[in-house]
Amino acid sequence: MSYKSIIVNLAVDAHPAAIVKVGVELAERFGAHLIGLAAADVPPLVATGDGMVYEGEIMQIQRTEIEKRLAELRAEFERLVPASIGSEWGQDVCSPTRFLSVSARAADLIVIGSEKGENVFRAVDVGSLALGAGRPVLVVANNVEHVMAKTVLIAWKDTREARRAVADALPFLAKANEVVVATVGTDRHESIRDSLADIAVFLEHHGIMARTELITGEADGDNLLTFARSIHADLIVCGAYGHSRLREWAFGGITRTLIEEDSINRFMSY
């Protein structure tokens, strides 16, 4: 198994060089086609405190500014991607999260930066993307240009989402120097050990030798991150857990922590 088509998202309010370099490196590593995407939207008509609304002319100015920025990102993407890599570009004036989710049908993997922007018209909602794209999402740590994935931590939980994440991450796991499968929590029931052993055997069948760990403590994101740093993990593989509530995503504790974390690369599947 390998990734044959990779999407890399260029955020409109971020410098594109680092994330494009990550995309190029991954495309070279896996022999993949690289798709560069960028999108932003014009906010809808809204009333101000004085009872005024954005006029159509102002909205058109904003659209023109977005289109100019998208053109700049395209030029930078095409400049940075070498001719040896097959690539293409896509852009739209629309919700960046929705654009990525729809475009995901053309790719094996989505690569995005650690976007902190709360403006949903200009920044990707990482949680909604992970839960709605139907493809694994690699969220790259802040200011990182190389995702080496030499030491990979699998945040294991015997659920559909975690199984999906392990299967989706196999190309990364196969190239790692060390793979650690860990469960965090106070429950040390024999079934937990059995599930860890089973996933280690599954990985061994794919030629991946992994060790397993039971981490004592509350099953929260902070304990997971502490362990990840202790083993110098540069990639965390995990299932994304959440559900839609009043058209917003409500996340489990570990998923929420990993969405907000920007110091380590995270590979998330749902």
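See the structure shown above.
Conventions adopted
Residues numbered from 1 in each chain as written. Predicted model: local features only at pLDDT ≥ 70, side-chain atom pairs only at ≥ 80, totals over all residues. Heavy atoms only, no water. Helix = DSSP H or I, 4+ residues; strand = E, 2+ residues; numbered from the N terminus. Buried < 20%, exposed > 50% of the residue type's maximum accessible area, 1.4 Å probe, protein only. Contact = heavy atoms within 4.5 Å. Areas by Shrake-Rupley, 256 points an atom, 1.4 Å probe, with all protein chains shown as cover. Pairing = 2+ DSSP bridges. Axes fitted to C-alpha atoms, helices over the stretch in contact; angles between N-to-C directions. Polar contact = N/O pair within 3.5 Å; in protein donor to acceptor, adjacent residues only side chain to side chain. Core = buried A, V, L, I, M, F, W, Y, C linked by side-chain atoms within 4.5 Å. Phe/Tyr/Trp six-rings, centres within 6.5 Å; stacked < 30°, edge-to-face > 60°. Lys NZ or Arg CZ within 6 Å of the ring centre and 35° of its normal. Expected span 1.5 Å × (residues − 1). Arc of directions from axis to C-beta. Salt bridge = Lys/Arg side-chain N within 4 Å of Asp/Glu carboxyl O.

(A) Highlighting the overall build of the protein. For the protein, the count of helices and strands is nine helices and 12 strands. Per-residue burial for the protein yields a buried fraction of 49% across its 270 residues. Considering only intrachain contacts with a sequence separation of at least 6, the fraction spanning at least 24 residues in the protein is 80%. With an accessible surface of roughly 13,300 Å², the protein has 50% of that area assigned to carbon and sulfur atoms.

(B) Seen up close, the sheet that holds strand β4 (residues 109-113). The strand order across the open sheet built from 10 strands is β3-β2-β1-β4-β5-β12-β9-β6-β7-β8, with neighbouring strands paired in mixed fashion. In this open sheet, the two edge strands, each paired with only one partner strand, are β3 (87-93) and β8 (210-215). Strand-to-strand twist across the sheet, computed as the mean angle between neighbouring axes with direction ignored, equals 20°. When strand β2 (residues 33-40) meets β3, the two strands line up parallel, connected through seven bridges. What sits directly across from I35, in β3, is E88.

(C) Expanded view of the side chain of T183. Relative to the helices and strands, T183 resides in strand β7 (residues 178-184). Separated by 3.1 Å, the side chain of T183 and the backbone oxygen of W156 make a polar contact. In this view, T183 contacts W156, I192, L196, E213, L214 and I215; residues no more than four positions away in its chain are not counted.

(D) Expanded view of the nonpolar core. With 53 residues, the main nonpolar core has V111, L138, F172 and L173 as its most contacted residues. Counting residues per element, this core draws most heavily on helix α1 (residues 17-30), at seven residues. Apart from residues lying up to four places away in sequence, F172 is in contact with Y3, L26, R29, F30, L109, L138, A149, L235 and F267. The next biggest cluster of nonpolar side chains, apart from the first, holds 37 residues, and it includes A39, A133, L224 and C238.

(E) Geometry of the packing of aromatic side chains. Tallied over the full model, the rule gives five aromatic pairs. Judged by centre distance (5.2 Å) and plane angle (80°), the ring pair of F30 and F172 falls under edge-to-face. Linking F30 in helix α1 with F172 in helix α6 (residues 170-175), this pair joins segments that are 142 residues apart in sequence. For F30, a relative accessible area of 6% corresponds to the buried category. Members of the aromatic cluster, joined through ring pairs, are Y3, F30, F172 and F267. When the ring centre of Y270 is taken as origin, the NZ or CZ atom of R160, which lies over that ring, is 5.1 Å away.

(F) Fine view of the pairing of β4. Most of β4 sits out of view: five of its five residues are buried. Side chains of β4 alternate between two faces, with L109, V111 and G113 and I110 and I112 buried alike. In terms of strand pairing, strand β1 (residues 5-9) meets β4 through three bridges, oriented parallel. Its bridge partner lying in β4, I6 is registered against L109.

(G) Region of the structure containing unusual backbone geometry. With a phi angle near 55°, A149 is a residue other than glycine that sits in the positive phi range. Here A149 is to be found in the loop between β5 (137-140) and β6 (151-155).

(H) Inspection of helix α7 (residues 190-205) at higher detail. The end-to-end C-alpha distance of α7, which contains 16 residues, comes to 23 Å, matching closely the 22 Å that a straight helix rising 1.5 Å per residue would cover. Residues I192, S195, L196, I199, A200 and L203 constitute the buried set of α7. Each buried residue of α7 sits inside an arc of 135° when the element is viewed along its axis, so together they form one side. Projecting away from the buried face of α7 at angles above 90 degrees are the exposed residues D198 and H205.

(I) Expanded view of the pattern of salt bridges. Scanning all chains against the criterion turns up 13 salt bridges. K21 serves as the salt-bridge partner of E145, at 3.7 Å between the closest nitrogen and oxygen. In this pair, E145 sits in the loop between β5 and β6 while K21 sits in helix α1, placing the two residues 124 residues apart along the sequence. Judged by its relative accessible area of 32%, E145 falls in the partly exposed class. By relative accessible area, which is 37% here, K21 ends up partly exposed. Of the charged contacts in the structure, one is a salt bridge between R79 and E76, with a shortest N-O distance of 2.7 Å. One end of the pair is R79 and the other is E76, both in helix α2 (residues 56-80) and three residues apart, which spans about a single turn. By relative accessible area, R79 is classed as exposed at 56%.

Function cannot be inferred from these measures alone, as they are strictly geometric.
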